[in-house]
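Here is how the chains run, residue by residue.
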Amino acid sequence: MFSATSCCNPKGLASDHVGPALRGAPDEPRPAHHGAARPISAAADLMVVGRIVTNDPASPMAEAMTVAGGRIIGIGSLADVSHHVGPATTTLRPDGFVLPGLVDPHMHIWTSLLTYPNVDLSHEICPTLDAVMATIRAAVAGAQPSQVVCFKNFDPSLYPGEPVLTRTALDDLAPHNPVLAWNASGHFVYVNSLMLAAAGVTDQTPNPPGGTFERADGRMTGVVGEPPAIQLLLKGLPQPSMTDVARYIREILTACAARGVTSVREAATGALAGPKELALLHQLNAQQRFPVRVSTAQFAMVPGQTPQQVAAMWKAAGVTPFSGDEMLRADAWKVVSDGSNQGRSGYFLQPYLGEDNGGKADYTPEGLRDALRAGLDDGWQVMVHTNGDAAVEFVLEAFAELLPGYGDHDLRHRLEHCSFTMDDQLVRMADLSVSPSFLMNHLYYWGAAFRDTILGPQRAGRLDRVASAYRAGLRPSLHSDYNVTAVHPLLSARTAVLRQTKADGQVLNAAECATPAQALAAITTNAAWQIHADDRGVLGVGKAADFGFASGNPWQTDPAGWAEIDFHATYVDGQAAWES
Ligand SMILES: [Zn+2]
């Protein structure tokens, strides 16, 4: 589902509390084609004058840029472009710097909706377990009696030695309110007695297949594991309306724009409601253009259906590779091969520290091939979630067997997270033209936990090997996996260069530090290339007019300060998209 690991693993949650609102969405995607009506003429409809950072090494800075019909038609000195200016040209002279729009090539709208309004218990907000408890207490105190209070992003792996949230602890904190707290991995929720009662779950309720109600001496502890069991509790939550859902989606995309992002890929479209999700996005974008362009990866995994049946469902809804419009396009096929490393369900060649368990694959070898074939047969770019090094191996073997049979179509298949890799795996990825997209914030937030308690220092050093990926000839990108971490590409890029953990500032394997230019390519041109948007991530003639106005120029400043660069406006397709 969402989180640190299972970000993309919403199997079985189709009948959650958000489902009823989504059932009201249209069935078929109807693109709005906002950008289609404007001809590209020789006269500019927009001119931007200022300190323009092009991301083109041949001429890194420009003084002026002209735009017509959503495309850049001139860039250089003011004199170079002045012949484009006519009576209908609007001129902007922003403060600071003009940067190419940033790209987050893997984030989640749909699974994030499951927890969107919940109170945040992430380590970022609550650095100690005491702070977690205080946050819960304050939220409950602010609620009406008997109102359900929900929390998200509690990650016990970041409070080593401390207990998890249990029914007893939550009963003490919230004696009069049902309470449900999500583990950051999405694999667990923690509930109190009133929440169990609200969902109709008793100590006698059996564990559903694939799910666990943890018990001690026959009494439920409040620790509930995996979607089939979690789903029984979600049914007891208040249901958002369609209006709520529409507002949440716009807020999620607006938060992307506020970090300078102009394009995202939604990395598990259909996870909650199938093609209706895409139809709803088109409907909302038609009502009011989204602040960012959205590329979607159609989710291959629907409980009770074969991948071929899922593929047929997308096709029947008219969702085929690169269908949609300039704001909202269906581009990929998404498969999940393992779990979460910090949740100790990522699939590793060696066991986790202090355990016999090394995680496992979510598929049999033949099942994985079926899921990949279903996407490849229909011509999709395939992106596969692989967290542990054994998962990377598992998927590479399948790709090596299957891809030669599909010819060379430049589909740019991807491994998502690709968190832990061996040297030869990166080389084989290059041979197969399969690119990595790294969840770089894994290192920032969980790097110390991987080193000290989950994997040990040697394996932890093989996390997110951006430098080695470049050395192997790959074009890596960086992503947030929102809501596993916040969308903030410049923070991800900073971490790719510095590799410092948040917990103690220690560098996790200096040999894997990216150069500043490599890290910035991974959030601009490489990420754009991975979402099949070669006209984005760089400002040049013929490219998309997607850019942001920023307080700093990361191409010319110390990476240590990148995360503090502010954005105050963005433009998409040459039109204002967001303003602070
Ligand atoms: Zn994901």
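If you're wondering where the values come from, they're calculated on a predicted model, not measured in any experiment. (Residues numbered from 1 in each chain as written. Predicted model: local features only at pLDDT ≥ 70, side-chain atom pairs only at ≥ 80, totals over all residues. Heavy atoms only, no water.)

## Quick look at the overall build of the protein
Across its full length, the protein holds 19 helices and 23 strands. Whereas a compact globule of 580 residues would reach a radius of gyration of roughly 25 Å, the protein reaches 23 Å, a difference of no more than 12%. In terms of principal-axis extent, the alpha carbons of the protein reach across some 80 × 50 × 50 Å. Counting contacts in the protein only where the partners sit at least 6 residues apart, residues at least 24 apart contribute 75% of the total. (Helix = DSSP H or I, 4+ residues; strand = E, 2+ residues; numbered from the N terminus. Rg over C-alpha atoms; globule rule 2.2 N^0.38 Å. Contact = heavy atoms within 4.5 Å.)

## A closer look at the sheet that holds strand β9 (residues 179–183)
Taken in spatial order, the six strands make up an open sheet running β7-β8-β9-β10-β12-β11, and their pairing is mixed. Bordering the open sheet on either side are β7 (119–120) and β11 (212–216), each of which pairs with just one other strand. Inspection of the sheet shows β9 paired to strand β10 (residues 188–191) by three bridges, in the antiparallel sense. By the bridge assignment, W182 is partnered in β10 with V189. Helix α4 (residues 129–141) rests against β7, β8 (149–154) and β9 of the sheet, and its axis sits at about 160° to β8. Across the face of the sheet, helix α7 (residues 227–234) comes into contact with β9, β10, β11 and β12 (219–225) while running at roughly 110° to β12. (Pairing = 2+ DSSP bridges. Axes fitted to C-alpha atoms, helices over the stretch in contact; angles between N-to-C directions.)

## Let's talk about the packing of aromatic side chains
Within this structure, the stated rule accounts for twelve aromatic pairs. Here F547 and F549 contribute two aromatic rings whose centre-to-centre distance is 5.8 Å and whose plane-to-plane angle is 35°, an arrangement assigned as tilted. Of the two residues, F547 and F549, both sit in the buried class. An aromatic cluster of three or more residues is present, and its members are F348, Y352, F420 and F450. Residue placement shows R51 over the ring face of F97; its charged tip is 4.3 Å from the ring centre. Note that R459 overlies the ring of F348, its terminal NZ or CZ placed 5.3 Å from the centroid. (Phe/Tyr/Trp six-rings, centres within 6.5 Å; stacked < 30°, edge-to-face > 60°. Buried < 20%, exposed > 50% of the residue type's maximum accessible area, 1.4 Å probe, protein only. Lys NZ or Arg CZ within 6 Å of the ring centre and 35° of its normal.)

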